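# Overview (structure and organization)
This is what each chain is made of:
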Amino acid sequence: MKLFIKFDINTICSLYLKQNLEQNNINFTSLGFGEIEIDDNIDADALETLKNNLSPCGFEVVENQKSVLVQKIKDAIIELVFMEDSNNYKSSVFLAEKLNHSYGYLSNVFSEVTYSSIENFIILQKIERAKQLIIINEMSLTEIAFLLNYSSVAHLSTQFKNTTGITPSAFQRIIKKRRENLK
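Each chain carries its own residue numbering, running from 1 in the written order of its sequence. Given that this is a predicted model, residues contribute local features only at a pLDDT of at least 70 and side-chain atom pairs are listed and counted only at 80 or more, while totals for whole chains, interfaces and linings are drawn from all residues. With hydrogens and water set aside, each side-chain value is computed from the structure's full complement of heavy atoms.

Quick look at helix 4 (residues 91–99) now. An α-helical segment advances 3.6 residues per turn. Residues three or four places apart therefore align on the same side. Buried within helix 4 are the following residues: Ser92, Phe94, Leu95 and Leu99. Seen end-on, helix 4 carries its buried residues on one side only, within an arc spanning 165°. Using a 1.4 Å probe on the protein chains alone, a residue whose accessible area is under 20% of its type maximum counts as buried, one over 50% counts as exposed, and one in between counts as partly exposed. Working definition: helices are DSSP H or I runs of at least four residues, strands are E runs of at least two. Numbering for both runs from the N terminus. The arc under discussion is defined with respect to the helix axis, by the directions toward the C-beta atoms.

Below you can see the structure in the form of structure tokens.
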């Protein structure tokens, strides 16, 4: 039997983090996606154990202030890309308002820490979202392009191909062929 599973990465991450904190008897308050406040003081050993438990799944405790801001930028971009009405927002305005800094400052910090631009990160996230939507197979490429705030399917296709090496149509065919082979 073959199942297609739709998932929400934000929910999965939040649940995994919550389970790890509870297993380590750490009382916390969730302040938002990727940000928690530890209610009690924990010793260095407990913090190191938590870091080690989170690490295998790609979680990392961020301690440098610029790195914290970059993580907040990344989280805000992911939030924007997954919003149902994301095409109502310009990314620079969304980030500046959400993080209470000028876009220029955010862009400079992001580039300094990651050696890449915010725009490149946005493109990568949009392409990942497009791949998820293609795999789910509920929307046409035109609908996906509109949802992800592309001016046209051609614009989506160009960025998709530049990022993945194949067109969205070719990606659709690959997914379709894999599904047929699994039957």
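Moving on from the model shown.
Our focus in this paragraph is the side chain of glutamine 159. With respect to the helices and strands, the residue glutamine 159 is situated in helix 8 (residues 153–164). Pairs of N or O atoms are called polar contacts if they sit within 3.5 Å, as long as, within protein, a hydrogen donor faces a hydrogen acceptor (for residues adjacent in sequence, only side-chain-to-side-chain pairs). Engagement of the side chain of glutamine 159 in a polar contact is seen with the side chain of tyrosine 150, the distance being 2.7 Å. Glutamine 159 has contacts with Ile123, Ile127 and Tyr150, leaving out every residue within four places of it along the chain. We call two residues contacting when some pair of their heavy atoms lies within 4.5 Å.

Glancing now at the packing of helix 3 (residues 65–82) against helix 5 (residues 103–114). To obtain an axis, a line is fitted to C-alpha atoms, over the contacting stretch when the element is a helix, and the angle between two such axes runs from 0 to 180 degrees between their N-to-C directions. For the pair helix 3 and helix 5, interaxial distance at closest approach is 9 Å and the crossing angle is 110°. As judged from the angle between their axes, helix 3 and helix 5 are roughly perpendicular. Between helix 3 and helix 5 lies a crossing of left-handed hand. Contacts from Lys66, Ser67, Leu69, Val70, Ile73 and Lys74 of helix 3 reach helix 5 at Tyr105, Leu106, Val109, Phe110, Glu112, Val113 and Thr114. The residue makeup of the contact of helix 3 with helix 5, split by class, is eight nonpolar, two polar and three charged. Each angle is binned into one of four classes, with values under 35 degrees roughly parallel, values over 145 roughly antiparallel, values of 65 to 115 roughly perpendicular, and all other values oblique. The crossing is said to be left-handed when, going from far helix to near helix, the turn is anticlockwise and less than a right angle, and right-handed when the turn is clockwise. Asp, Glu, Lys and Arg are counted as charged, while Ala, Val, Leu, Ile, Met, Phe, Trp, Tyr, Cys and Pro are counted as nonpolar; the rest, among them Gly, fall into the polar class.

In this description, a nonpolar core means a group of buried Ala, Val, Leu, Ile, Met, Phe, Trp, Tyr and Cys residues linked to one another through side-chain atoms lying within 4.5 Å. Core analysis: the biggest nonpolar cluster contains 31 residues, and Ile73, Ile77, Leu95, Leu106, Ile118, Ile144 and Leu156 have the highest contact counts within it. Mapped onto this core, the elements with two or more residues apiece are helix 3, helix 4, helix 5, helix 6 (118–136), helix 7 (141–147), helix 8 and helix 9 (168–182). For this core, the two domains that each supply at least three residues are domain 2 (65–120) and domain 3 (123–182). Every residue in contact with leucine 156, bar those within four places of it in the chain, is listed here: Ile127, Ala130, Leu141, Ile144, Ala145 and Tyr150. Core analysis: the second largest hydrophobic core is formed by five residues, Leu17, Ile26, Leu50 and Leu54 among them. Residue ranges labeled as domains rest on an automatic or database domain assignment.

In this structure, asparagine 20 sits in helix 1 (residues 9–23). When the C-alpha atoms of asparagine 20 and asparagine 53 are compared, they prove to be 7.2 Å apart, with 33 residues separating the residues in sequence.

Attention now moves to helix 8. The span you would expect from a helix comes to 1.5 Å times its residue count less one. The first and last C-alpha atoms of helix 8 sit 16 Å apart over twelve residues, in line with the 16 Å expected at 1.5 Å per residue. Residues Leu156, Ser157, Gln159 and Phe160 constitute the buried set of helix 8. Tucked into the core, helix 8 has its buried residues touching helix 6, helix 7 and helix 9. Positioned one or two residues after helix 8, glycine 165 has a phi angle of 95°, which is positive.

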